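# Secondary and tertiary structure notes
Spelled out from the first residue to the last, the chains are:
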Amino acid sequence: MRGLVIKNTGSWYQVKTDDGLFIECKIKGNFRLKGIRSTNPVAVGDRVQIILNQEGTAFISEIEDRKNYIVRRSSNLSKQSHILAANLDQCMLVVTVNYPETSTIFIDRFLASAEAYRVPVKLIFNKVDVYNEDELHYLDSLINLYTNIGYPCFKISAKKGEGIDIIKEELKGRITLFSGHSGVGKSTLINAILPEQEVKTAEISAYHNKGMHTTTFSEMFAVADGGYIIDTPGIKGFGTFDMEEEEIGHYFPEIFKFSADCKYNNCTHRHEPGCAVRQAVEQHYISESRYTSYLNMLEDKEEGKYRAAY
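A few points on the structure.

Procedures and definitions
- Residues numbered from 1 in each chain as written.
- Predicted model: local features only at pLDDT ≥ 70, side-chain atom pairs only at ≥ 80, totals over all residues.
- Heavy atoms only, no water.
- Helix = DSSP H or I, 4+ residues; strand = E, 2+ residues; numbered from the N terminus.
- Buried < 20%, exposed > 50% of the residue type's maximum accessible area, 1.4 Å probe, protein only.
- Pairing = 2+ DSSP bridges.
- Patch = residues over 30% accessible without salt bridge, like charges linked within 9 Å, V, L, I, M, F, W, Y side chains within 5 Å.
- Areas by Shrake-Rupley, 256 points an atom, 1.4 Å probe, with all protein chains shown as cover.
- Salt bridge = Lys/Arg side-chain N within 4 Å of Asp/Glu carboxyl O.
- Axes fitted to C-alpha atoms, helices over the stretch in contact; angles between N-to-C directions.
- Parallel < 35°, antiparallel > 145°, perpendicular 65-115°, else oblique.
- Contact = heavy atoms within 4.5 Å.
- Nonpolar A, V, L, I, M, F, W, Y, C, P; charged D, E, K, R; others polar.
- Left-handed = near helix turned anticlockwise from the far one by under 90°.
- Phe/Tyr/Trp six-rings, centres within 6.5 Å; stacked < 30°, edge-to-face > 60°.
- Lys NZ or Arg CZ within 6 Å of the ring centre and 35° of its normal.

## Side note on unusual backbone geometry
In this structure, the amide linkage connecting Y99 to the following residue, P100, adopts the cis form with an omega of -5°. Within the fold, P100 resides in the loop between β8 (90-95) and α1 (104-116). Residues other than glycine seldom take positive phi values, yet Y99 does so here, at roughly 60°. Along the chain, Y99 turns up in the loop between β8 and α1. Its identity as a non-glycine residue notwithstanding, H269 has a phi of 65°, on the positive side. By the secondary structure assignment, H269 is in the loop between α6 (253-259) and α7 (276-282).

## A look at the pairing of strand β11 (residues 175-179)
In regular strands, side chains alternate between the two faces of the sheet. Among the five residues in β11, five count as buried, and that is most of the element. Side-chain alternation along β11 places I175, L177 and S179 on one buried face and T176 and F178 on a second face that is also buried. Sheet topology note: the β8/β11 ladder contains four bridges and is parallel. When the sheet's bridge partners are listed, C91 is paired in β11 with L177. Bridge count between β11 and strand β13 (residues 227-231): four bridges; the pairing is parallel. Bridged to T176 within β13 is I229.

## Here we look at a nonpolar patch on the surface
Together, M1, L21 and L52 give the surface a local cluster of nonpolar side chains, amounting to about 270 Å² of exposed area. Assessed through its relative accessible area of 44%, L21 is described here as partly exposed.

## Here's the deal with the environment of P152
Assignment of secondary structure puts P152 in the loop between α2 (133-149) and β10 (153-155). When the C-alpha positions of P152 and M92 are compared, they lie 9.8 Å apart, and in sequence the two are 60 residues distant.

## Side note on the packing of helix α3 (residues 164-171) against helix α4 (residues 186-193)
Running from N to C, α3 and α4 point in directions that differ by 80°, and their axes come no closer than 10 Å. The pairing of α3 with α4 is recorded here as roughly perpendicular in orientation. Counted together, I164, I167, K168 and L171 of α3 and L189, A192 and I193 of α4 form the full contact between these two elements. Among the residues making up the contact of α3 with α4, the classes are represented as six nonpolar, no polar and one charged.

## Some words on the packing of α1 against α2
To characterise two packed helices, one gives the angle between the axes of the helices and the distance between these axes. Close contact between α1 and α2 brings their axes to 13 Å; oriented N to C, the two are set at 25°. With respect to α2, the element α1 is oriented roughly parallel. α2 is crossed by α1, and the crossing has right-handed handedness. Taken together, the residues of α2 that come into contact with α1 (itself represented by T104, I107, D108 and L111) are Y138, L142 and Y146. When grouped by side-chain class, the residues that make up the contact of α1 with α2 number five nonpolar, one polar and one charged.

## Topic: the packing of aromatic side chains
According to the stated counting rule, one finds five aromatic pairs in the structure shown. On the basis of an interplanar angle of 25° and a centroid distance of 6.4 Å, the ring pair of Y291 and Y294 is categorised as stacked. Here Y291 pairs with Y294, and both are found in helix α8 (residues 288-302), just three residues apart, close to one helical turn. Grouped by ring-pair contacts, the aromatic residues F252, Y291 and Y294 constitute a single cluster. Across from the ring centre of Y69, 5.4 Å away, lies the NZ or CZ of R66, which sits over that ring.

In structure tokens:
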């Protein structure tokens, strides 16, 4: 029997079969032997084969080939990855310039990982109703930066319902992963799009200006016109996984573009003579913040923070 994984609680997976049944499933033990070194070998969005048992539950016996997936380093710094979701048409990264603040380093790490796994990303700037003049000015400069690189950007207030109709249009007929820090308003946004779901929301901590986790597992929600939203737990940091040092620049489109003119093929864009990327930074064709994020990821690689795949 074939189906789609729509919920992952850590120990159980809910699968929606092709004939519309919802079945609780576990993984057959031999998944651990297939070299899938991940905290979750089966991810929401996976198409799977299942075998029913007498109790009315089932085992997942096979994962069908994925068209793509998005992965980050498992938060316990083990040599394992954590797959956020599979078979995506796009990601929407929900960003706030304050309450809580999303750093450009976090945004850029997410974007680079999505580039590595060939998943298009749109940036959703939420909470525009609560920012002061300086914060709104900074928000507009970020939108200008990322739009010029090629990432579509949207300004919304999920709480006030502003900009929600445009997001709904972007979701039609697509499987979309929602991601971002805890507290940026993912659950509020999903409730604005799908009020019937009543996804739990929580206030952010005023003391730390950070969100508290409300979503504890990944889940898929059907939207009108054949699309799906995948809601994931809020993430604090985004450790990239299984990237070679020389590949990192490939995942920054503007750095990759200028690197074609570097004097050396294996230029790391740090200290080599004739580096077209550093020149582009000096001439403001590449933003300082993006270049800083690139260097930050290179430093991670040198400190052994990236984990090689088994």
